Amino acid sequence: MSQNNSNQTPSRTRPESQAERWIKYGSNVGLTIVLAIVLAVILTWVAQRARARVDTTKGGSLSLKPQSIEVLKQLKQHVTLVSLYVHTDQNRQASADEDAPKIEPIDFATKVSDLLDEYRSKSTMIDVKVIDPLKEKDKLEDLHKQFINKYGGQIKGYTDYLNDWKAQANQIQKLLAAEADQLRPFSTTEEATSEKGQFVDQVVRTVSQSLPEAWKNASDDIDRELKHTHPDYKSAVEVARKMLDRMSTIANTIATQAPIAQNEASIPAAFRKYLMDAVPRYQQIKKLCDDMVSRADKLGELKVDQLEQALNVDNPVLVLGDNEWRVLSFGQVWQQDPDAKALANGAAIRPRFAGEQAITTAIYTLESPTKQKICILRPGGAPLANPGFMGLTEGGPLSTFANYLREYNFDVTEKDLSGQWQMQAQMRQQMPSAPEPSDEEIKDAVWVVLDAGGEQGPPTGVAAKLAEHLKQGGSALVLVEPHGDPLVEALKDWGVEVHPQAVSVHQPVVMNDTAGNDPIEEAKARPYIFDVRNYGNHPIARPELNLDSIFVPIVPVSPGTAQGAQVTALLPLSESVSGLKTWGETDIDSLARNETPTFNPEKGDIPGPLFGGAAVEKGKGRLVVIGSARFVFNNFLHIPDPNVQRTRNMLVARFPGNLELATNSVFWVAKLDPMIAISPSAMDVSRISGDMSPGMLKFWRIGVMMVLLPGLVIAAGLGVYAARKD
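This section reports on the structure supplied with the text.

How each quantity is defined
- Residues numbered from 1 in each chain as written.
- Predicted model: local features only at pLDDT ≥ 70, side-chain atom pairs only at ≥ 80, totals over all residues.
- Heavy atoms only, no water.
- Helix = DSSP H or I, 4+ residues; strand = E, 2+ residues; numbered from the N terminus.
- Buried < 20%, exposed > 50% of the residue type's maximum accessible area, 1.4 Å probe, protein only.
- Contact = heavy atoms within 4.5 Å.
- Areas by Shrake-Rupley, 256 points an atom, 1.4 Å probe, with all protein chains shown as cover.
- Core = buried A, V, L, I, M, F, W, Y, C linked by side-chain atoms within 4.5 Å.
- Salt bridge = Lys/Arg side-chain N within 4 Å of Asp/Glu carboxyl O.
- Axes fitted to C-alpha atoms, helices over the stretch in contact; angles between N-to-C directions.
- Parallel < 35°, antiparallel > 145°, perpendicular 65-115°, else oblique.
- Left-handed = near helix turned anticlockwise from the far one by under 90°.
- Patch = residues over 30% accessible without salt bridge, like charges linked within 9 Å, V, L, I, M, F, W, Y side chains within 5 Å.
- Pairing = 2+ DSSP bridges.

Some thoughts on the overall build of the protein chain
Turning to step 1, where the next piece is worked out: When helices and strands are tallied, the protein chain shows 24 helices and 22 strands.
Turning to step 2, where the next piece is worked out: Taking all 726 residues of the protein chain together, 45% fall into the buried category.
Turning to step 3, where the next piece is worked out: Long-range contacts, defined here as pairs at least 24 residues apart, represent 74% of the contacts in the protein chain between residues at least 6 apart.
Turning to step 4, where the next piece is worked out: Only carbon and sulfur atoms are counted for the fraction: they give 53% of the accessible area of the protein chain, which is about 37,800 Å².

Here's the deal with the nonpolar core
Turning to step 1, where the next piece is worked out: Grouped together as the largest cluster of nonpolar side chains are 90 residues, with contacts concentrated most on L81, I363, F410 and L571.
Turning to step 2, where the next piece is worked out: Residue contributions to this core peak at 7 residues, all from helix 23 (residues 656-669).
Turning to step 3, where the next piece is worked out: With residues near it in sequence (within four places) discarded, F410 still touches Q372, I374, L405, V666, F667, A670 and L672.
Turning to step 4, where the next piece is worked out: In terms of nonpolar packing, the next biggest core, distinct from the first, is built from 46 residues, Y161, A240, F271 and A296 among them.

A closer look at the pattern of salt bridges
Turning to step 1, where the next piece is worked out: Counted by the stated rule, this structure contains 28 salt bridges.
Turning to step 2, where the next piece is worked out: Its salt-bridge partner being D291, residue K287 comes within 3.0 Å of it at the nearest N-O pair. Remark: D291 and K287 occur in helix 9 (residues 269-297); sequence separation between them is 4 residues, near one turn of the helix.
Turning to step 3, where the next piece is worked out: For D291, a relative accessible area of 38% translates into the label partly exposed.
Turning to step 4, where the next piece is worked out: For the salt bridge of R533 with D531, the shortest nitrogen-to-oxygen distance reads 3.5 Å.
Turning to step 5, where the next piece is worked out: When its relative accessible area of 38% is taken as the criterion, R533 is described as partly exposed.

Comments concerning the packing of helix 14 (residues 399-407) against helix 23
Turning to step 1, where the next piece is worked out: As a packed pair, helix 14 and helix 23 sit with axes 11 Å apart at the nearest point and diverge in direction by 50 degrees. Overall, the two elements helix 14 and helix 23 adopt an arrangement that is oblique. In this structure, helix 14 meets helix 23 at a crossing whose hand is right-handed. Residues F401, Y404 and L405 of helix 14 pack against L659, E660, A662, T663 and V666 of helix 23.

Side note on the environment of F530
Turning to step 1, where the next piece is worked out: Residue position: F530 is located in strand 15 (residues 530-532).
Turning to step 2, where the next piece is worked out: Since its relative accessible area comes to 0%, F530 is described here as buried.
Turning to step 3, where the next piece is worked out: Between the C-alpha atoms of F530 and H506, which are 24 residues apart in sequence, the distance is 8.3 Å.
Turning to step 4, where the next piece is worked out: Those residues in contact with F530 that sit more than four places away from it in its chain are S504, V505, H506, S549, I550, F551, I554, L573, S576, V577 and T582.

Some words on the environment of I540
Turning to step 1, where the next piece is worked out: Among the secondary structure elements, I540 is positioned in the loop between strand 15 and strand 16 (549-551).
Turning to step 2, where the next piece is worked out: Here the alpha-carbon distance between I540 and A615, two residues 75 residues apart in the chain, equals 8.8 Å.
Turning to step 3, where the next piece is worked out: With near-sequence residues (within four places) excluded, I540 lies in contact with L570, V624, L661, N664, S665, W668 and I676.

Notes on the environment of N658
Turning to step 1, where the next piece is worked out: Within the fold, N658 resides in helix 23.
Turning to step 2, where the next piece is worked out: Remark: the alpha-carbon pair of N658 and L637, spanning 21 residues in sequence, is separated by 7.0 Å.
Turning to step 3, where the next piece is worked out: Leaving out residues up to four positions away in the same chain, N658 has contacts with D548, S549, I550, F631, F636 and L637.

Describing a nonpolar patch on the surface
Turning to step 1, where the next piece is worked out: Among the surface-exposed residues, V34, V38 and I42 lie close enough to one another that they form a single nonpolar patch of about 240 Å² accessible area.
Turning to step 2, where the next piece is worked out: Topologically, I42 is positioned in helix 2 (residues 18-49).
Turning to step 3, where the next piece is worked out: On the accessibility criterion, I42 (45% relative accessible area) is partly exposed.

Describing the pairing of strand 19 (residues 582-585)
Along any regular strand, the residues point their side chains to alternate faces of the sheet.
Turning to step 1, where the next piece is worked out: As paired elements, strand 14 (residues 503-506) and strand 19 share 4 bridges and run antiparallel to each other. Note that in strand 19 the partner of H506 across the bridge is T582.
Turning to step 2, where the next piece is worked out: Taken together, the 2 bridges between strand 19 and strand 20 (residues 606-607) define a ladder with antiparallel strand orientation. Residue pairing for strand 20: G584 is matched across the bridge by I606.

Examining the sheet that holds strand 20
Turning to step 1, where the next piece is worked out: Strand order across the open sheet formed by 3 strands is 14-19-20, with antiparallel pairing between neighbours. The strands lining the two open edges of the sheet, one partner per strand, are strand 14 and strand 20.

Here you go:
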């Protein structure tokens with residue numbers, strides 16, 4: 001045994017053959033290639049499925065703001081966002097005029113769908129549908145069926161009403177025909193040329209001709225609408241209601257005029273007898289009409305009906321909640337100043353993309369469907385917030401601000417504190433304005449109070465009304481103008497003092513040579529004009545940092561202290577003209593004469609530093625005071641920015657901070673903090689395009705992830721194999 005062990009030869013390691021090396025390194029390279037391909041496929045799949053997104057635009061135009069994300073975090077219901085944009089080359093905007101400045105075409109549909117994907121990526125409560133209404137009619141019809149299933153419970157009430165309308169209309173028409181037969185003998189009265197004769201002729205023509213024709217037209221319109229594939233039930237009911245309301249008014253007029261006519265000897269005796277005998281019959285007609293009008297008013301909002309109307313609107317976005325919905329028109333998402341064409345002088349103007357503003361607002365209002373009331377209280381005079389009429393009549397000086405609030409789902413009304421305007425309008429035979437709300441109707445509203453004096457001096461009663469509103473836990477935005485009321489009674493317990501007897505001024509600014517080419521820049525040198533870019537350290541102020549705004553004039557506001565009140569200064573005016581002395585000038589008349597003001601404390605001038613506003617929170621109430629009302633008037637909001645128009649062919653506000661400050665103030669006093677600073681005005685800055693073409697998307701998906709990366713791995717493996725095969 002030991003001999004055999006001693007004769008055993010030690011084993012030696014045999015060198016690898018070339019074939020063995022090929023197998024060893026080749027299998028490693030093959031395995032590496034397979035792993036690289038599998039990894040690339042997995043990464044591509046994960047990238048397609050994951051919610052993470054990267055916004056490559058310079059200004060973050062496709063990234064949701066923190067306020068929007070906060071709204072999504074608070075969602076308690078599933079929301080479906082539906083884009084009904086047409087995906088064609090026609091859905092791009094570019095300048096058609098060869099001589100006009102060119103603008104980059106906008107792919108509206110892609111921009112909107114990308115934004116909707118951003119919402120979906122930030123919340124599991126958001127679903128997104130993108131439907132081309134021209135190319136995907138089957139999906140559009142499926143959407144309509146979903147409307148019926150989800151929101152169609154009220155349709156039966158509308159159809160029942162319209163069926164009853166037909167029956168009631170036939171009955172009323174028979175009653176009218178009977179009255180027309182009795183009135184026919186009076187249609188040729190010789191007294192028709194006299195004043196009283198004209199009254200007779202008017203009654204005869206109205207009952208015998210005008211009303212029957214109007215009833216027939218209304219019935220034909222309703223029948224025609226109901227024959228449509230998707231009838232507009234809301235519109236049909238509105239036609240019926242207007243006809244009934246008109247008939248009720250006429251019947252009531254005839255019934256109430258009958259006793260008066262008995263004392264008019266110039267009216268034929270036979271006609272006077274007819275009127276008295278007909279009073280019960282016209283009262284019956286009025287009751288039939290009033291009952292149907294009352295039923296129409298109780299039908300409520302027909303969601304399906306209005307949603308179906310949205311399907312006939314070009315490029316809408318639907319925001320659908322569990323029970324409520326919103327329809328965003330093209331103009332709400334792609335905003336354009338109404339004066340754009342006039343101000344652009346024929347040049348192509350790029351619209352502002354306000355998709356996030358519109359969609360986030362719509363989502364937020366789904367959670368709180370009841371509209372927050374806003375009441376603008378003026379000390380007297382003509383309405384300030386009336387929107388005008390179809391371009392024929394100009395809106396009030398606050399109409400842009402009011403319309404902006406309405407877009408955010410506020411219910412905006414207006415009230416004359418003096419109560420004189422309606423009476424004055426009637427005396428001047430002017431067009432009556434909309435009925436103003438009662439004190440009871442505005443007690444729960446957020447007040448926007450204009451404290452402005454006039455020829456009669458400071459307004460009376462404003463301080464007492466505001467004080468009572470704040471004591472009851474109400475909130476308000478107060479805009480103070482020169483010669484207004486100091487509002488001591490209302491503001492003393494809130495730690496704020498206003499000085500309407502003074503105007504904030506600064507030492508004249510020495511302008512450079514280039515300012516002469518711009519009248520706005522030249523005007524900023526005047527002592528009573530403040531160009532503000534720092535609004536203070538408050539939630540309504542911080543988002544507007546570095547946004548331009550202009551205040552002409554602005555009353556000094558002194559933030560102080562008060563028990564239980566948290567006071568924050570706004571609009572540090574002294575900082576806006578750093579290095580120049582500021583004060584409150586009490587000789588306001590000298591400013592009107594363009595005289596250079598001088599600080600004179602003996603005359604009551606207010607020393608700096610100056611502030612132009614304050615925000616206060618006390619108990620359940622909130623208060624914002626700003627020493628100007630004109631800063632949010634239309635003429636300041638519509639000044640275009642010439643630099644942006646020249647370089648980017650966009651018509652944007654030169655002083656976006658004005659509207660931002662006013663809007664954010666309303667949001668804050670209304671306790672809608674998540675809505676602060678989602679306006680696109682703050683995003684009107686230079687940015688690069690955020691769109692990615694389908695070809696570029698395929699390049700990244702297939703070219704880079706599926707071909708280039710695995711190809712590099714293969715090339716590296718082949719290189720290693722070639723280097724080591726020998």
